[in-house]
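# Structural description and commentary
Now for the letters of each chain:
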Amino acid sequence: MHKVDVDSLLQGKQSKYALVVGVAKRAREITRTFEEEQIVTEDKPVLIAIKEIEGHEINILEPDEDEL
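Rules behind the numbers
Residues numbered from 1 in each chain as written. Predicted model: local features only at pLDDT ≥ 70, side-chain atom pairs only at ≥ 80, totals over all residues. Heavy atoms only, no water. Buried < 20%, exposed > 50% of the residue type's maximum accessible area, 1.4 Å probe, protein only. Helix = DSSP H or I, 4+ residues; strand = E, 2+ residues; numbered from the N terminus. Contact = heavy atoms within 4.5 Å. Core = buried A, V, L, I, M, F, W, Y, C linked by side-chain atoms within 4.5 Å. Salt bridge = Lys/Arg side-chain N within 4 Å of Asp/Glu carboxyl O.

### Focus on helix H3 (residues 45-54)
Here H3 has its buried residues at Ile48, Ala49, Ile50, Glu52 and Ile53. In this structure, the buried side of H3 is in contact with helix H1 (6-9) and helix H2 (16-37). Once H3 ends, the next one or two residues include His56, with phi positive near 60°.

### Focus on the side chain of Glu52
Inspection of the secondary structure assignment puts Glu52 in helix H3. Judged by relative accessible area, Glu52 falls into the buried class, the value being 12%. Every residue in contact with Glu52, bar those within four places of it in the chain, is listed here: Arg26, Ile30, Glu57 and Ile58.

### Focus on the nonpolar core
Core analysis: the largest hydrophobic core is formed by 13 residues, its most contacted members being Leu9, Leu19, Val23, Ile30, Ala49, Ile53 and Ile60. Contributing elements (two or more residues each) for this core: H2 and H3. The contact partners of Leu9, leaving out residues within four places of it in the chain, are Val4, Leu19, Ile50, Ile53 and Glu54.

### A look at the pattern of salt bridges
Tallied over the full model, the rule gives two salt bridges. The salt bridge involving Arg26 is made with Glu29; its shortest N-O contact spans 3.1 Å. With Arg26 and Glu29 both in helix H2, this residue pair falls three residues apart, about one helical turn. Residue classification places Arg26 among the partly exposed positions, given a relative accessible area of 22%. Here Glu52 makes a salt bridge to Arg26, at a shortest N to O gap of 2.6 Å. Of this pair, Glu52 sits in helix H3 while Arg26 sits in helix H2, and the two are 26 residues apart along the sequence. Members of the salt-bridge network, linked through shared partners, are Arg26, Glu29 and Glu52.

### Structural notes on the environment of Lys16
Residue position: Lys16 is located in helix H2. C-alpha of Lys16 to C-alpha of Val6: the two residues are ten residues apart in sequence and 8.5 Å apart in space.

So this is what it looks like as structure tokens:
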């Protein structure tokens with residue numbers, strides 16, 4: 001089982017909700033890409049998305065306070 005340090009993922013972020021939504025969206029993109037390209041892997045799309053966020057390969061955009 002992969003243990004995720006949520007605090008390290010939230011560095012510079014305000015919302016755990018934004019983190020969860022961002023990981024879910026990226027995991028769906030990864031799943032779609034794997035299906036289209038017929039890629040078979042044992043890695044779970046959610047874990048791949050988390051690793052991308054940890055490695056700063058992708059960023060999660062949060063709405064401004066006035067947009068909420």
